[in-house]
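Commentary on secondary and tertiary structure
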Amino acid sequence: MSFTMYSASVPVFTRTLGNMVLWLDKAEAHAQAKKFDAAVYLSARLAPDMLPFPKQIQIACDAAKFCVARLAGVDAPKQEDTEASLADLKVRIQKTIDFIASVPAAKIEGSEARDIVVPRRDGSLTLKGEVYLKNYAMANFFFHATTTYALLRHNGVDLGKGDFLGSFSA
């Protein structure tokens, strides 16, 4: 596969989102082994002023789905941010994977120079597709994915670099 806007986005998001599901599986197993309620993770924060654990996953999912939708010029599905368990968060991740997998590569190809408008609280930001993907969407996605990983690791879940990177069998 040649390097394209599609190959630089959908497979990368899909891989890391899939890894995130495995992290949540490990978190559930850790809670069971240590005999505590896995709901404890839902209030985890690295600092008092940061967003809690579920929000990190919600934002990572949103970063992936909105990136793919914006690059393809399609509407992203609405999600209500009501996840209240690790199982709910896994469903959210899977819905995100399913959506981004449903977007045809042909819709994303050629989006390098397309104007991408990103709504923000302080006003919209307009970036070219390649700049948006490389400098905004990917950075935002990996910030929240990494924070998710760090929160689980900080709370004792047996995760390592290999869990973050995932398998290289493909």
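Quick look at the structure, then. Quantities reported herein were computed from a predicted structural model and do not represent experimental measurements.

**Considerations on the layout of surface pockets**
If you add up the space inside the largest pocket, you get close to 620 Å³. The dominant element in the lining of the largest pocket, judged by the number of residues it contributes, is helix α2 (residues 53-72), at 6 residues. Taken together, the residues that form the lining of the largest pocket break down as 9 nonpolar, 2 polar and 7 charged. If you add up the space inside the second largest pocket, you get close to 150 Å³. As for the second largest pocket, its lining consists of Pro77, Lys78, Gln79, Glu80, Thr82, Glu83, Asp88, Val91, Arg92 and Lys95.

**Considering α2**
With 20 residues, α2 should cover 28 Å at 1.5 Å per step; its first-to-last C-alpha distance of 29 Å lies within 8% of that length. Here α2 lies mainly inside the structure; 16 of its 20 residues are buried. Gly73 lies just past α2 and shows a positive phi near 70°.

**Describing helix α5 (residues 129-154)**
Between its terminal C-alpha atoms α5 stretches 35 Å, which fits the 38 Å expected from 26 residues at 1.5 Å a residue. Of all the bends in α5, the greatest measures close to 30° and is centred on Ala137. After α5 finishes, the residue Gly156 shows a positive phi value of roughly 95°.

**A closer look at the packing of aromatic side chains**
For any pair of aromatic rings, the description rests on two quantities: the centre-to-centre distance and the angle between the ring planes. Overall, the coordinates contain 7 aromatic pairs when judged by the stated rule. For the pair Trp23 and Tyr149, a centre-to-centre distance of 5.5 Å together with 70° between the ring planes defines the contact as edge-to-face. Of this pair, Trp23 sits in helix α1 (residues 10-34) while Tyr149 sits in helix α5, placing them 126 residues apart in sequence. Of the two residues, Trp23 and Tyr149, both sit in the buried class. Between the aromatic rings of Tyr132 and Tyr136, the centroid separation amounts to 5.8 Å while the plane-to-plane angle is 20°, which identifies the pairing as stacked. Here Tyr132 and its partner Tyr136 are both found in helix α5, 4 residues apart, which amounts to about one turn of the helix. Since its relative accessible area comes to 1%, Tyr132 is described here as buried. Take Tyr136: its relative accessible area is 23%, and that puts it in the partly exposed class.

**Comments concerning the pattern of salt bridges**
Applying the stated criterion across every chain, the model contains 11 salt bridges. Residue Lys26 pairs with Asp163 through a salt bridge whose shortest N-O separation is 3.1 Å. Within this pair, whereas Lys26 is found in helix α1, its partner Asp163 is found in helix α6 (residues 161-165), the two being separated by 137 residues in sequence. On the accessibility criterion, Asp163 (22% relative accessible area) is partly exposed. A salt bridge links Arg120 to Asp122; the shortest N-O distance between them is 3.3 Å. We classify Arg120 as partly exposed; its relative accessible area is 38%. Take Asp122: its relative accessible area is 63%, and that puts it in the exposed class.

Cut-offs applied
- Position numbers for residues count from 1 along each chain, tracking the sequence in the order it is written.
- A pLDDT threshold of at least 70 governs which residues receive local features in this predicted model, and a stricter bar of 80 or more applies before side-chain atom pairs are shown or counted, although totals over entire chains, interfaces and linings include all residues.
- Hydrogens and waters are ignored; side-chain quantities use all the structure's heavy atoms.
- In this analysis, the protein atoms alone were mapped onto a 1 Å grid. Cavities are point sets where a 1.4 Å probe fits without being able to get out; pockets are open sets with protein on both sides within 12 Å along at least five of seven lines; lining residues have an atom within 4 Å of a point.
- Grid points are joined across faces, edges and corners, and a volume is the space filled by probe spheres set on the points.
- Helix numbering and strand numbering both begin at the N terminus, where a helix is a DSSP run of H or I of at least 4 residues and a strand a DSSP run of E of at least 2.
- Nonpolar residues are Ala, Val, Leu, Ile, Met, Phe, Trp, Tyr, Cys and Pro. Charged residues are Asp, Glu, Lys and Arg, and all others, Gly as well, are polar.
- Any helix carries an expected span of 1.5 Å times its number of residues minus one.
- With a 1.4 Å probe rolled over the protein chains alone, any residue whose accessible area is under 20% of its type maximum counts as buried; one over 50% counts as exposed, and the rest are partly exposed.
- Two axes define the bend at a residue: one fitted to the seven residues ending there, one fitted to the seven starting there, and the bend is the angle between them.
- Stacked, tilted and edge-to-face pairs are distinguished by plane angle, under 30 degrees for stacked and over 60 for edge-to-face with tilted covering the rest, among Phe, Tyr and Trp rings (Trp via its six-membered ring) whose centres lie within 6.5 Å.
- By salt bridge we mean one thing: a side-chain nitrogen of Lys or Arg within 4 Å of a carboxyl oxygen of Asp or Glu.

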